[in-house]
Amino acid sequence: MYKSKVFFGHGFKNWAAVLTFFCALCGTLPVNALELVPFPGSNLVDESNNNGDYVVALGPMRNINSRWRAENEQLVQGEVSRIVYELPRAHDLSEVMQSYYAQLQRFDATPLFVCQGHTCGSSASWANEHFEERRLYGLDQFQDLAVFQVIQEQEVTLATIYGVTRGNQRSYLLIDLVKIDSSRVIDQTPTVKTVESIIKGKRYLPLPINLVEGEFILTEGFGAVLAQFLKSSPSTNIALVVSDHRNDRLSQNIDNSTGIAESLYQQLQSAGIAANRIEVHGVGNLIPGKKNAVAAWVISVR
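Given the structure is predicted, the values throughout are model-derived calculations rather than measurements.

(A) View of helix H5 (residues 222–232). Inspection of H5 places Phe222, Gly223, Val225, Leu226, Ala227, Phe229 and Leu230 among the buried residues, and these make up the whole buried set. On the buried face of H5, the contacting elements are helix H4 (192–200), strand S9 (205–206), strand S11 (215–218), strand S12 (238–244), helix H6 (250–270) and strand S14 (294–300).

(B) View of the side chain of His245. One can find His245 in the loop between S12 and H6. Discounting chain neighbours no more than four positions away, the residues touching His245 are Asn253, Gly284, Asn285, Ile287, Pro288, Gly289, Lys290, Lys291, Asn292 and Ala293.

(C) Quick peek at the packing of H4 against H5. Between H4 and H5, whose axes approach to 9 Å, the crossing angle comes to 65°. In terms of crossing hand, the pair formed by H4 and H5 is right-handed. Contacts from Val192, Val195, Glu196, Ile199 and Lys200 of H4 reach H5 at Val225, Leu226, Gln228 and Phe229. Of the residues in the contact of H4 with H5, the class split is 6 nonpolar, 1 polar and 2 charged.

(D) Quick look at the packing of aromatic side chains. Taken as a whole and judged by the stated rule, the model has 4 aromatic pairs. For the ring pair Trp126 and Tyr162, a centre distance of 6.1 Å and an interplane angle of 35° mean the geometry is tilted. Pair noted here: Trp126 is in helix H3 (residues 123–130) and Tyr162 is in strand S7 (residues 155–165), with a separation of 36 residues, a long-range link. Here Tyr162 falls in the buried class, since its relative accessible area comes to 0%. Through pairs of rings, three or more aromatic residues link up here, namely Trp126, Phe131 and Tyr162.

(E) Quick look at the confidence of the model for the protein. Scored by pLDDT, the protein comes out at a mean of 85, with 88% of its residues at no less than 70. Contacts from residues 1–13, a stretch scored under 50 in pLDDT, to residues over four places away or in other chains number 37 contacts.

(F) Geometry of the environment of Ser183. Turning to its location among the elements, Ser183 is positioned in the loop between strand S8 (171–181) and H4. Separated by 27 residues in the primary sequence, Ser183 and Val156 have C-alpha atoms spaced 8.6 Å apart.

(G) Spotlight on the sheet that holds S9. Spatially, 4 strands are ordered S9-S14-S12-S13 in an open sheet, and the strand pairing comes out mixed. In the strand order of this sheet, the two ends are held by S9 and strand S13 (278–282), each with one partner. Bridge count for S9 against S14 is 2 bridges, and the pairing is antiparallel. Each residue of the ladder has a partner; that of Pro206, found in S14, is Trp297.

(H) Fine view of the state of the cysteines. Inspection of every chain in the model, using the stated rule, returns 1 disulfide. Two residues, Cys115 and Cys120, share a disulfide whose sulfurs are 2.1 Å apart. Around the S-S axis, the bridge from Cys115 to Cys120 shows a dihedral of about 115° and counts as right-handed.

(I) Spotlight on the sheet that holds S7. Strand order in this open sheet of 6 strands is S1-S4-S8-S7-S6-S5, and the pairing throughout is antiparallel. Edge positions in the sheet fall to strand S1 (43–57) and strand S5 (110–116), since each of these pairs with one other strand and no more. When strand polarity is set aside, the average angle formed by the axes of neighbouring strands in this sheet is 15°. Strand direction decides the pairing type here: S7 and S8, joined by 11 bridges, are antiparallel. Paired with Thr157 across the bridge in S8 is Lys179.

(J) Unusual backbone geometry, seen in detail. Of note in the backbone geometry, Glu132 takes a positive phi value of approximately 55° without being a glycine. When you line up the elements, Glu132 lands in the loop between H3 and strand S6 (143–152). Residue classification places Glu132 among the exposed residues on the basis of a relative accessible area of 66%. Located in the positive-phi region is Asn292, a residue other than glycine, with phi close to 65°. With respect to the helices and strands, the residue Asn292 is situated in the loop between S13 and S14.

(K) Fine view of the pattern of salt bridges. Applying the stated criterion to the full structure yields 11 salt bridges. The partner of Glu155 in a salt bridge is Lys179, and the shortest N-O contact between them spans 4.0 Å. Of the two residues, Glu155 sits in strand S7 while Lys179 sits in strand S8, which places them 24 residues apart along the sequence. By relative accessible area, Lys179 is classed as partly exposed at 21%. We note a salt bridge from Glu196 to Lys193, for which the minimum N-O separation is 3.8 Å. Pair noted here: Glu196 and Lys193 are both in helix H4, with a separation of 3 residues, about one helical turn. Judged by relative accessible area, Lys193 falls into the exposed class, the value being 56%. Within this structure, Glu79, Glu155 and Lys179 form a network of salt bridges that share partners.

Conventions we followed
- Per-chain numbering applies: the sequence of each chain, read as written, is numbered from 1 onward.
- With pLDDT at 70 or above as the cut-off, local features in this predicted model cover only qualifying residues; side-chain atom pairs require 80 or more to be listed or tallied, and sums for whole chains, interfaces and linings still use all residues.
- The side-chain figures draw on all heavy atoms in the structure; neither hydrogens nor water molecules are used.
- Exposed residues in this analysis have more than 50% of their type's maximum accessible area, buried residues have under 20%, and partly exposed residues fall in between, with area computed by a 1.4 Å probe over protein chains only.
- Starting at the N terminus, helices and strands are each numbered in turn, a helix being any DSSP run of H or I of at least four residues and a strand any DSSP run of E of at least two.
- The contact criterion used is simple: two residues touch if any of their non-hydrogen atoms lie within 4.5 Å.
- Axes, fitted as lines to C-alpha atoms, cover a helix only where it is in contact. Angles between the N-to-C directions of the axes lie from 0 to 180 degrees.
- Crossing handedness is defined as follows: a turn of the near helix away from the far one that is anticlockwise and smaller than a right angle gives a left-handed crossing, while the clockwise case is right-handed.
- In this classification, Asp, Glu, Lys and Arg are treated as charged, Ala, Val, Leu, Ile, Met, Phe, Trp, Tyr, Cys and Pro as nonpolar, and every other residue, Gly included, as polar.
- Any two of the Phe, Tyr and Trp rings considered here, Trp counted by its six-membered ring, make a pair once their centres fall within 6.5 Å; the pair's planes then place it as stacked at under 30 degrees, edge-to-face at over 60, or tilted in between.
- Confidence scores here are pLDDT values: one per residue, from the predictor, ranging 0 to 100.
- Strand pairing follows a simple DSSP-based rule, namely that at least 2 bridges must link the two strands.
- When two cysteine sulfur atoms are found within 2.5 Å, that pair is recorded as a disulfide.
- Any carboxyl oxygen of Asp or Glu within 4 Å of a side-chain nitrogen of Lys or Arg constitutes a salt bridge here.

Here's what the structure looks like:
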């Protein structure tokens, strides 16, 4: 039987949020991280592949020394695959982005930079200066950008997804997938603004954890970033969800994931997050995941 260790719960509304999170992760796992499934009804308008340099945006668009560029960026080399879709008008941009979030998170993707609306900077600059794709010139308040890193054995993929709605109500989505050498992993803790964009956008934030001497430990600095965000957003509470796929028995996986969640809960408290701001859920292997893997996420439950 399913069970969960919950601290300082707030009732069924929070369970509804957690169940919504489960549903988002369910579905058919794509065969390859480079083959993201298009949103239903999307119309392909451009596609290209090349090898060479690629500038990964890790911050909003700013005018720096009289030149429009990402506030923080990193140059990489690799195999670049680009695809641009026109999106169906029956669905809003946030719904489309959520579908790609769900796909990427099945591969334990790590968010490097996320923004929405005016916090991204000038849409015209993203379209003309960064992506060099005029179709993406839209309204600043209706844009959504997410940059993720996916690490798979000997391969690292950087996924940049940018969506925008234009004044004529047409919406476009660009997906850049860059395969780089495994030695070129981008090591960056998400900023407070990125954490805010993910959590307030009702999306789920993966917690970076490492197994150290038999205990799962939060990546250094991440707890402090999360604590800083919660301090700036006193009305937001979070649920910590942990899955465990290391055993064949469901009950064992649930017990193990609950224990890991409790340990992470203590680490988040040590980072400065008040105990009454966190719920804890150990879900075993009730949601999809990689065999022998442990994963953790944070979602907003308000």
